[in-house]
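Observations on the model geometry
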Amino acid sequence: MKGILILLSAALFLTGCATHQSPTGRGQTLLFSSQEMSQLGDSSFAQIKQQEKISQDKALNAYVHCVADRVTQALPDQSLPWEVVVFESDQVNAFALPGGHIGVYSGLLDVAVNADQLATVIGHEIAHVLANHSNEQVSRAQLTGAGMQLADLALGAGGIADKELYMAALGLGVQVGYILPYGREQESEADVVGVELMAKAGFDPAQSVELWKNMSKAGGEQGPELLSTHPSHGQRIAQLQQMQAKAQPLYQASKLSVKNTCQRPK
Ligand SMILES: [Zn+2]
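A brief report on the enclosed structure follows. (Residues numbered from 1 in each chain as written. Predicted model: local features only at pLDDT ≥ 70, side-chain atom pairs only at ≥ 80, totals over all residues. Heavy atoms only, no water.)

**Some points on the state of the cysteines**
According to the stated counting rule, one finds one disulfide in the structure shown. At a sulfur-sulfur separation of 2.1 Å, the disulfide partner of Cys-66 is Cys-262. The sign of the -80 degrees torsion about the S-S bond sets the Cys-66-Cys-262 disulfide as left-handed. With Cys-66 in helix H3 (residues 58-73) and Cys-262 in the segment after helix H11 (233-255), the pair connects residues that are 196 residues apart, well separated along the chain. According to the relative accessible area criterion, Cys-66 is partly exposed, its value standing at 24%. (Disulfide = S-S within 2.5 Å. Helix = DSSP H or I, 4+ residues; strand = E, 2+ residues; numbered from the N terminus. Buried < 20%, exposed > 50% of the residue type's maximum accessible area, 1.4 Å probe, protein only.)

**Points about unusual backbone geometry**
The backbone of Asn-132 sits at a positive phi, close to 60 degrees, despite the residue not being glycine. You can call Asn-132 partly exposed: its relative accessible area is 31%.

**Topic: the environment of Ser-254**
Tracing the chain through its elements places Ser-254 in helix H11. Separated by 56 residues in the primary sequence, Ser-254 and Met-198 have C-alpha atoms spaced 9.9 Å apart. A distance of 3.3 Å separates a polar atom in the side chain of Ser-254 from the backbone nitrogen of Gly-202. (Polar contact = N/O pair within 3.5 Å; in protein donor to acceptor, adjacent residues only side chain to side chain.)

**Observations regarding the side chain of Asn-135**
Inspection of the secondary structure puts Asn-135 in helix H5 (residues 133-143). Its relative accessible area of 4% is what places Asn-135 among the buried residues. Within the local environment of Asn-135, its side chain forms a polar contact with the backbone oxygen of Phe-32, the two atoms lying 2.8 Å apart. Apart from residues lying up to four places away in sequence, Asn-135 is in contact with Leu-30, Leu-31, Phe-32 and Met-37. (Contact = heavy atoms within 4.5 Å.)

By themselves these figures say nothing about function.
Below, the structure is given as structure tokens:
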């Protein structure tokens, strides 16, 4: 009986499903509304801020905000205020969450050695959000075993028809795009969208290639998002080199209007 209930609930959820298209034209299954994803992003980010140590270093914060703000100002949709937080940690990592949140770990700055390289990472992370990658991941988790376990949990607590409860269970179990690793296709898509974004913001896209060379030299210290199931460094560098033909003209055009004034602290 319980099995049937779970199947029924899964079918109910599926009716809300629509096929979307990603920025590079892939078909995507997105089960959650952007409002639901924003809520999930908001609560996940609040949780992460409680868990991690927030950096009070003024110069470091000013630098990271300078770079991140310039990237978000290049977004076509300016309706969302983006929150930027620097975490004090040796992790070579950064992430962005739906709802407009960006987290940068101070350890990243040992590998992303200039503003253009930092913009590469921030552009990549924002691209994951723009392309609905966490929605895709959470939807996938719901459609597979992880979703069923959570459904079971929610059923036990009074019925899965209560979508808010389901969201709460999901939010506790997974921090969107933070613990759930992205797939290779999503990574390569985030590179494509991210490099165009950084170029439009006036950062040199050629530095994206240098960043991944540094990342490859840095080895095993990368955090979950930058490590995850990323393509090999070699593949990624080759793809980024190919993208220069399209990204460089965007950069040259944006240089006329934006000046690179983000100063890395010594
Ligand atoms: Zn990524």
